[in-house]
Amino acid sequence: MKNLKNVVCFLLIVFMAVTSITTNVSAYSEEKPLLITAETNKNSYGAISTANITVIIENISDKTIKDINVCSAFEETSPIGRVAPYIVAVELKPGEKAGFTYQATIKPEKLNFFMSFILKIKRLFSGTPRFLDVDAIEPINSTNITISFGGEEISEEIYVWSTDLSNVYLEPNNKNEAINNEKMRHQKALEDIENQYNSNIYLIDIRKEALIEQTGVRYPLSAEYYQEKIDELNVEINELQRRINALQYDTSAAGVRKRLEYIAEQEELIEKRREYSELMATSIMFEQLDKERAAAKVNRDTAITKENELHQNNLAKIELEY
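Note that the structure is a prediction, hence the values are computed from the model and not measured.

## So, the overall build of the protein chain
Thought 1: Of the regular secondary structure elements, the protein chain holds five helices and eight strands.
Thought 2: Scanning the protein chain from its N terminus toward the C terminus, one meets helices and strands in the order α-β-β-β-β-β-β-α-β-β-α-α-α.
Thought 3: Across the 322 residues that make up the protein chain, the buried fraction comes to 33%.
Thought 4: Looking at the protein chain alone, contacts between residues at least 24 apart form 75% of all its contacts between residues at least 6 apart.

So this is what it looks like as structure tokens:
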């Protein structure tokens, strides 16, 4: 059983190594290499006033970061004016900063009917730039800014993230832009699903190669086959033990010789049973890896089906909206 213990220990080491890699990646993501700050030009504003918001990002890491994007979530405020309330595809070297200033009002829906009506008229003549869709981003960092409009305290989250520009979607102005955004989102979602599947398969293959290297077995037979062999050996071993016990009081030369032959034969069978037990354990591990591979494929196919359904539903919603 010593070799079997070695197999288990080796697989635990591989698992711990993979876990360590994942932990290191997570630890890096917690370092937040981009610092983001936001401030307003006043402490408070009137209910229908316009706030000037300045956002500054700084690369506080020791590496150059490309494709940096910054945008507000615009959950409680709305951008106003002609200046785009975001930046996209900025590259910052260590210690470098970038920033922008934009204007925003409180969302008209948060005001009473009369004040909301006035604010909507004001916004109508001031114009509203398109802003970025931040629903699906994974921010590197964020900051929260509190603004007072007519005594109403609102809170807005501003995000910074790094991604290829093709994955940054503008709020659509028309049906074609909305469809194009949805197609890009759908394509990116499918790529993410496939990447996750490939990552899972890669880790399974690593564990399989480690198992092969440790056991020297690449194509084991089924666990059921080895169990049958072990059961057959147990019957023979028990029969030999019965014969050994029957001769324990036979002190004749022939009796002693026969008893020693049975003991030697039994030891050989016990050794063979041990080998089958190790092979069965190895087979079970291989079967588990095959199950994980099959489950990964099922999960991928299920995720693709759900994403395709979501894509069709989103396209149907766009048809209704426009």
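Following the structure, the description resumes.
## Quick notes on the pattern of salt bridges
Thought 1: The full count for this structure, using the stated rule, is 18 salt bridges.
Thought 2: In this structure, Glu-177 engages Arg-130 in a salt bridge whose closest nitrogen and oxygen atoms are separated by 2.7 Å. On the criterion of sequence distance, the pair formed by Glu-177 in helix α3 (residues 175–215) and Arg-130 in the loop between α2 (113–126) and β7 (141–149) is long-range, its members being 47 residues apart.
Thought 3: Residue Asp-301 is joined to Arg-300 by a salt bridge in which the shortest nitrogen-to-oxygen separation is 3.4 Å.
Thought 4: For Asp-301, a relative accessible area of 30% gives the class partly exposed.
Thought 5: Through salt bridges with shared partners, a single network forms among Glu-194, Lys-297, Arg-300 and Asp-301.

## What about a negative patch on the surface?
Thought 1: A cluster of like negative charges, contributed by Glu-236, Glu-265, Glu-267 and Glu-268, occupies part of the molecular surface.
Thought 2: Of note, Glu-267 is situated in helix α5 (residues 253–321).

## Observations concerning the packing of helix α4 (residues 223–246) against α5
Thought 1: Running from N to C, α4 and α5 point in directions that differ by 160°, and their axes come no closer than 9 Å. In terms of orientation, α4 and α5 fall into the roughly antiparallel class. Crossing geometry of α4 relative to α5 is assigned as left-handed.
Thought 2: Here the contact of α4 with α5 is built from residues that sort into 15 nonpolar, six polar and nine charged.

## Notes on the packing of aromatic side chains
Thought 1: Considering all chains together, one arrives at six aromatic pairs under this definition.
Thought 2: Arranged with centres 5.8 Å apart and planes meeting at 25°, the rings of Phe-100 and Tyr-102 form a pair that is stacked.
Thought 3: A residue is classified by how much of its surface remains accessible, and Phe-100, at 10% relative accessible area, is buried.
Thought 4: Under the relative-accessibility criterion, Tyr-102 is labelled buried at 2%.
Thought 5: Aromatic pair Tyr-226 and Tyr-276: ring centres 6.2 Å apart, planes at 40°, arrangement tilted. Residue Tyr-226 is located in helix α4, and its partner Tyr-276 is located in helix α5; the two are separated by 50 residues in the primary sequence.
Thought 6: Exposure remark for Tyr-226: the relative accessible area of 6% places this residue in the buried category.
Thought 7: Judged by its relative accessible area of 19%, Tyr-276 falls in the buried class.

## Digging into the sheet that holds strand β6 (residues 97–106)
Thought 1: Here four strands make up an open sheet; going across it, the order is β1-β2-β6-β4 and the pairing antiparallel. Edge positions in the sheet fall to β1 (34–40) and β4 (77–80), since each has one partner strand and no second. Ignoring which end each strand starts from, the neighbouring axes of this sheet average 40° apart.
Thought 2: In the packing of α2 onto the sheet, the strands contacted are β4 and β6, and the crossing angle to β4 comes to about 35°.

## Structural notes on the side chain of Asn-141
Thought 1: The residue Asn-141 is located in strand β7 in this model.
Thought 2: Looking at Asn-141, the relative accessible area reads 13%, which means it is buried.

## A few points about the packing of α3 against α5
Thought 1: Viewed as axis vectors pointing N to C, α3 and α5 meet at an angle of 180°, and their least axial separation amounts to 10 Å. One way to sum up the angle between α3 and α5 is to call them roughly antiparallel.
Thought 2: Class assignment for the residues of the contact of α3 with α5 results in 19 nonpolar, seven polar and 15 charged.

## Examining the nonpolar core
Thought 1: Core analysis: the biggest nonpolar cluster contains 35 residues, and Ile-53, Val-55, Ile-57, Ile-68, Val-70, Tyr-102 and Ile-147 have the highest contact counts within it.
Thought 2: Mapped onto this core, the elements with two or more residues apiece are β1, β2 (51–59), β3 (65–72), β5 (86–92), β6, β7 and β8 (152–162).
Thought 3: In contact with Ile-68, not counting residues within four places along its chain, are Leu-34, Ile-57, Ile-87, Val-88, Ala-89, Val-90, Leu-92, Val-160, Trp-161 and Ser-162.

## Section: the sheet that holds β8
Thought 1: Read across the sheet, four strands follow the order β5-β3-β8-β7 without closing on themselves; strand pairing throughout is antiparallel. If you trace the sheet from one side to the other, it starts and ends with β5 and β7, each paired once. Strand-to-strand twist of the sheet, defined as the mean angle between neighbouring strand axes without regard to direction, takes the value 20°.
Thought 2: In the sheet, β3 pairs with β5 via four bridges, with the strands oriented antiparallel. Bridge pairing in β5 places Ile-68 opposite Val-90.

## Some words on unusual backbone geometry
Most peptide bonds are trans, and most residues other than glycine sit at a negative phi.
Thought 1: For Asp-67, which is not glycine, the phi torsion reads 55° and is therefore positive.
Thought 2: On the secondary structure map, Asp-67 appears in strand β3.
Thought 3: By relative accessible area, which is 29% here, Asp-67 ends up partly exposed.
Thought 4: We note that Ala-89 has phi near 55°; this positive angle belongs to a residue other than glycine.
Thought 5: Residue position: Ala-89 is located in strand β5.

What counts as what
- Residues numbered from 1 in each chain as written.
- Predicted model: local features only at pLDDT ≥ 70, side-chain atom pairs only at ≥ 80, totals over all residues.
- Heavy atoms only, no water.
- Helix = DSSP H or I, 4+ residues; strand = E, 2+ residues; numbered from the N terminus.
- Buried < 20%, exposed > 50% of the residue type's maximum accessible area, 1.4 Å probe, protein only.
- Contact = heavy atoms within 4.5 Å.
- Salt bridge = Lys/Arg side-chain N within 4 Å of Asp/Glu carboxyl O.
- Patch = residues over 30% accessible without salt bridge, like charges linked within 9 Å, V, L, I, M, F, W, Y side chains within 5 Å.
- Areas by Shrake-Rupley, 256 points an atom, 1.4 Å probe, with all protein chains shown as cover.
- Lys, Arg positive; Asp, Glu negative; His and termini not counted.
- Charge placed at Lys NZ, Arg CZ, Asp CG, Glu CD.
- Axes fitted to C-alpha atoms, helices over the stretch in contact; angles between N-to-C directions.
- Parallel < 35°, antiparallel > 145°, perpendicular 65-115°, else oblique.
- Left-handed = near helix turned anticlockwise from the far one by under 90°.
- Nonpolar A, V, L, I, M, F, W, Y, C, P; charged D, E, K, R; others polar.
- Phe/Tyr/Trp six-rings, centres within 6.5 Å; stacked < 30°, edge-to-face > 60°.
- Pairing = 2+ DSSP bridges.
- Core = buried A, V, L, I, M, F, W, Y, C linked by side-chain atoms within 4.5 Å.

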